[in-house]
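# Per-entry structural report
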Amino acid sequence: MAAVDWLLLGLYLLLTFLLGLWLARRNRGQEDYFVAGRRLNGWLAGASMAATTFSIDTPLYIAGLVGSRGLAGNWEWWSFGLAHVAMAVVFAPLWRRSGVLTDAAFTELRYGGAAAAWLRGIKAFLLALPVNCIGIGYAFLALRKVVEALGIVRGEPSFLGLSDTVWLLAIVALLVVSYTVVGGLWAVVMTDLVQLVLALLGALAVAVAALHATGGMASLLDQLQSLNRPELLSLVPWTWDEKGFTWLDGAGISVPMFTAYIAVQWWSFRRSDGGGEFIQRMLATRDEQQARLAGWVFLVVNYLIRSWLWVVVALAALVLLPAQADLELGYPKLAVDLLPPVALGLVVVSLVAAFMSTVSTSVNWGASYLTHDLYERFIRPQAGPRELLLVGQATTVLLLVLGVMTALVSNSIGSVFRLVIAIGSGPGVVLVLRWFWWRVNAAAELSAMLCGFLVGVLTSITPLVRIDDYGVRLAVVTGVSAAVWLTVMLCTPPESEAVLERFVRQVRPPGPGWAHLRRRFEVTPIESFPVMLQRFVWACGLLFGGLLGTGGFLLHQHITGWCGLSVLVVSFLVLRRPALAVQSSSE
């Protein structure tokens, strides 16, 4: 890196810190600190959600995925688009109406008694510490790989016997925690907007430079085809031509694995009804309409805008860096090799910005659990606003330290990603059903969460029962969890009528699963359940039509492009019909 690149990076870090200090004056209590006083608009909340998922690890993960499995490997994360569509069109208004501070706190709105308290405490602990620290470590692992690839550090012993990599991670962690601790969610969201713009510009710069180096898209496609790896340019792990149906074994995606991506993963994962950081953003919006808008902004940016920027770079790396042993390093290596000063500085700033947006969100979100759901709920119920604010700031620092420690014991970003999914699978269906069926109780959700976590860990890292095929492992985790939580639910009593009435009046849930209780309490649902399902189906058509249509035209697969575009247009027109805009129903 040239001096001017270091200057750009330094200016960015300084401005981020000053912005956090300026926004700190808005924090007067934990509601300001963790949900921005519920004053966010949908555009800002959605941009923050997109910035959070645009971490420094993501382009590295995509480079490794495409390089090893081809385009079809992207269904490992594209499949979550189904859950994110449900989040935008189904769950966003429900979450906003709940009025809770965290999704863990929601458990004591939906359920009652000691079981609900246990569920809230265990859920807050698991999400704040092991799950969240793995996620933070995941981002720091990517930062470690990037800075070593850029030659900024060498991983050699330095001051006090610690490596220069450890010292750099500590310095960056200190900068992140400085503005996050003082500014809270306001600082996170406002800096996220800047970081998202920088991250998109950086990704665009690397993609354009990579295409130019390969001679353009047509030349890149010709060179990829000459590698004799048909899975590289196939959007699905099979081909169907005059020779018949052929499964592409070179993709390393088994039939159970691909089936799990499409049919199981998105609804069985713990984020099936939104996911902690996303729920935090929706709870921070001004009203239900802004919560929906936030979901749509995220969908467009995350799937339709930036997906193909990463994919283009990943494909170009296979041609320009044929001897690259670690496929995940293709993205930073191309940036170093192809970009001149200033442009390289912009990309480095964009990667650091992506990293900071993810980590700042994770520590603020995790601290909300430790502060609101553990400290205030179980340790100091009488704590005042100032005390809770200080506890939130202290736990933010704690989570960042634990995240750095996690990063130092991991080497593969893709492996960590799959571990996070495995240990979080199982409870997803319960998280969905609790909104639409009165019979789901706290014991069912608690057993699904604990069973999914335990079976996920055992089948991922325990040699005796380890299952290497990801699809089979996911099916086992989901199946065992379902058997356990259904049994527990049927053997335990439902929630009391008082608890159910409180939930029905607060959230006004739709669907036949609450019909008799709505009639009893004389509550009218705000949304029609059939209309909600239709919105979900057509919104999926809009998202995936746009995603595959864009990819089809970009990759010169014109039939796929036109089919995707047609699905997008039809879905958009159907969603514009007045019948699907109905917001109330007597059901």
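Here the structure is shown first, and the text comes after it.
Residues numbered from 1 in each chain as written. Predicted model: local features only at pLDDT ≥ 70, side-chain atom pairs only at ≥ 80, totals over all residues. Heavy atoms only, no water.

### Notes on the overall build of the protein
What counts here: To qualify as a helix, a DSSP run of H or I must reach at least 4 residues; to qualify as a strand, a run of E must reach at least 2; elements of each kind are numbered from the N terminus. Taken over C-alpha atoms, the radius of gyration is set against a globule rule of 2.2 Å times the number of residues to the power 0.38. In what follows, a contact means two residues having at least one pair of non-hydrogen atoms within 4.5 Å. For accessible areas, the Shrake-Rupley method is used with a probe of radius 1.4 Å. Any residue's cover is judged against the shown protein chains and nothing else. When charges are counted, Lys and Arg are positive and Asp and Glu negative, with His and the chain ends excluded. Positions of charges follow a simple convention, taking NZ of Lys, CZ of Arg, CG of Asp or CD of Glu.
For the protein, the count of helices and strands is 25 helices and two strands. Against the compact-globule benchmark of 25 Å for 587 residues, the protein has a radius of gyration of 24 Å, which places it among compact chains. When its C-alpha atoms are laid out on the principal axes, the protein stretches across 70 × 65 × 55 Å. Across the protein, contacts joining residues at least 24 apart in sequence account for 80% of those joining residues at least 6 apart. Surface exposure of the protein reaches about 22000 Å², of which carbon and sulfur atoms provide 69%. Taking the average place of the 40 positive charges on the side chains of the protein and the average place of its 35 negative ones, the gap between the two points comes to 7 Å.

### Thoughts on the side chain of Asn364
Condition: Accessible area is worked out with a 1.4 Å probe on protein chains only. A residue is then buried under 20% of its type maximum, exposed over 50%, and partly exposed in between. Here a polar contact is recorded for every N or O atom pair within 3.5 Å, except that within protein the pair must consist of a potential hydrogen donor and a potential acceptor, and residues adjacent in sequence are included only if both atoms are side-chain atoms.
Topologically, Asn364 is positioned in helix H16 (residues 343–379). Take Asn364: its relative accessible area is 0%, and that puts it in the buried class. Side chain to side chain, Asn364 and Gln280 meet in a polar contact 2.9 Å long. Excluding anything up to four places from it in sequence, Asn364 contacts Tyr33, Phe34, Thr180, Gly184, Leu185, Val188 and Gln280.

### Remarks on helix H15 (residues 330–338)
Of the residues making up H15, those classed as buried are Gly330, Tyr331, Pro332, Leu334 and Ala335. In this structure, the buried side of H15 is in contact with helix H4 (57–69), helix H8 (113–149), helix H9 (164–214), helix H14 (307–320) and H16.

### Re the nonpolar core
Using the following cut-off: To define a nonpolar core, start from buried Ala, Val, Leu, Ile, Met, Phe, Trp, Tyr and Cys residues and group those joined through side-chain atoms within 4.5 Å.
Counting 171 residues, the largest nonpolar core has Phe140, Leu315, Phe355, Val359 and Trp435 as its most contacted members. Take this core: its biggest share by element is 21 residues, from H9. By size, the runner-up hydrophobic cluster in this structure holds 13 residues, among which are Leu119, Val430, Ala444 and Leu446.

### A look at the side chain of Ser357
Checked against the element boundaries, Ser357 lands in helix H16. Given the relative accessible area of 1%, Ser357 is considered buried. Sequence-distant contacts of Ser357, that is, excluding residues within four places in its chain, are made with Ala51, Thr52, Phe54, Asp192 and Gln195.

### Observations regarding the pattern of salt bridges
Condition: Each salt bridge in this description consists of a side-chain nitrogen of Lys or Arg and a carboxyl oxygen of Asp or Glu lying within 4 Å of one another.
All chains considered together, the criterion is met by 19 salt bridges. Residue Asp468 is joined to Arg466 by a salt bridge in which the shortest nitrogen-to-oxygen separation is 3.0 Å. The class of Asp468 is exposed, set by a relative accessible area of 60%. For Arg505, the salt bridge goes to Glu501, with nearest N and O atoms at 2.9 Å. Of this pair, Arg505 and Glu501 both sit in helix H22 (residues 497–507), separated by four residues, roughly a single helical turn. Classification of Arg505 by relative accessible area gives partly exposed; the value is 45%. Taking the relative accessible area as the measure of exposure, Glu501 reaches 26% and is therefore partly exposed. In this structure, a network of salt bridges that share partners links the residues Arg97, Glu288, Arg292 and Glu527.

### Some remarks on the pairing of strand E2 (residues 244–247)
Each regular strand shows side chains that alternate between the opposite faces of the sheet. Put simply, the rule reads: Only strands that DSSP links by at least two bridges are regarded as paired with each other.
Where strand E1 (residues 238–241) lies against E2, four bridges are found, and the strand directions are antiparallel. Among the inter-strand pairings, Thr239 is bridged to a residue of E2, identified as Thr246. Connecting E1 to the next strand, E2, in antiparallel fashion are two residues.

### A look at the packing of helix H11 (residues 255–268) against helix H21 (residues 470–491)
Definition in use: Each axis is a line fitted through C-alpha atoms, taken for helices only over the stretch in contact, and angles between the N-to-C directions span 0 to 180 degrees. Left-handed is the label given to a crossing in which the near helix is rotated counterclockwise from the far helix by less than a right angle, and right-handed is the label when the rotation is clockwise. Ten residues, namely Ala, Val, Leu, Ile, Met, Phe, Trp, Tyr, Cys and Pro, are considered nonpolar, four, namely Asp, Glu, Lys and Arg, are considered charged, and the remaining ones, Gly among them, are considered polar.
Two numbers describe how H11 lies on H21: the axes approach to 8 Å, and their chain directions differ by 35°. As for how H11 packs across H21, the hand of that crossing is left-handed. For the pair H11 and H21, contact is made by Pro256, Met257, Ala260, Tyr261, Val264, Gln265, Trp267 and Ser268 and by Tyr470, Gly471, Val472, Leu474 and Thr478, respectively. Here the residues of the contact of H11 with H21 sort into nine nonpolar, four polar and no charged.

### Notes on the packing of aromatic side chains
Operational definition: We call Phe, Tyr and Trp rings a pair once their centres come within 6.5 Å, taking the six-membered ring for Trp, and we label the pair stacked below 30 degrees between planes, edge-to-face above 60, and tilted otherwise.
Scanning the model with the defined rule gives 31 aromatic pairs in all. Here Phe91 and Trp435 contribute two aromatic rings whose centre-to-centre distance is 6.2 Å and whose plane-to-plane angle is 55°, an arrangement assigned as tilted. In this pair, Phe91 sits in helix H6 (residues 80–98) while Trp435 sits in the loop between helix H19 (428–433) and helix H20 (442–461), placing the two residues 344 residues apart along the sequence. By relative accessible area, which is 3% here, Phe91 ends up buried. Judged by its relative accessible area of 0%, Trp435 is buried. Consider the rings of Phe140 and Phe355, whose centres lie 4.8 Å apart with planes at 80°: the pair is edge-to-face. Taken together, the residues span a long stretch of sequence, with Phe140 in helix H8 and Phe355 in helix H16 at a distance of 215 residues. In this pair, the class of Phe140 matches that of Phe355, namely buried. Of the aromatic side chains, those joined through ring pairs into one cluster are Phe54, Trp75, Trp77, Trp78, Phe278, Phe298, Tyr303, Trp308, Trp310 and Phe544.

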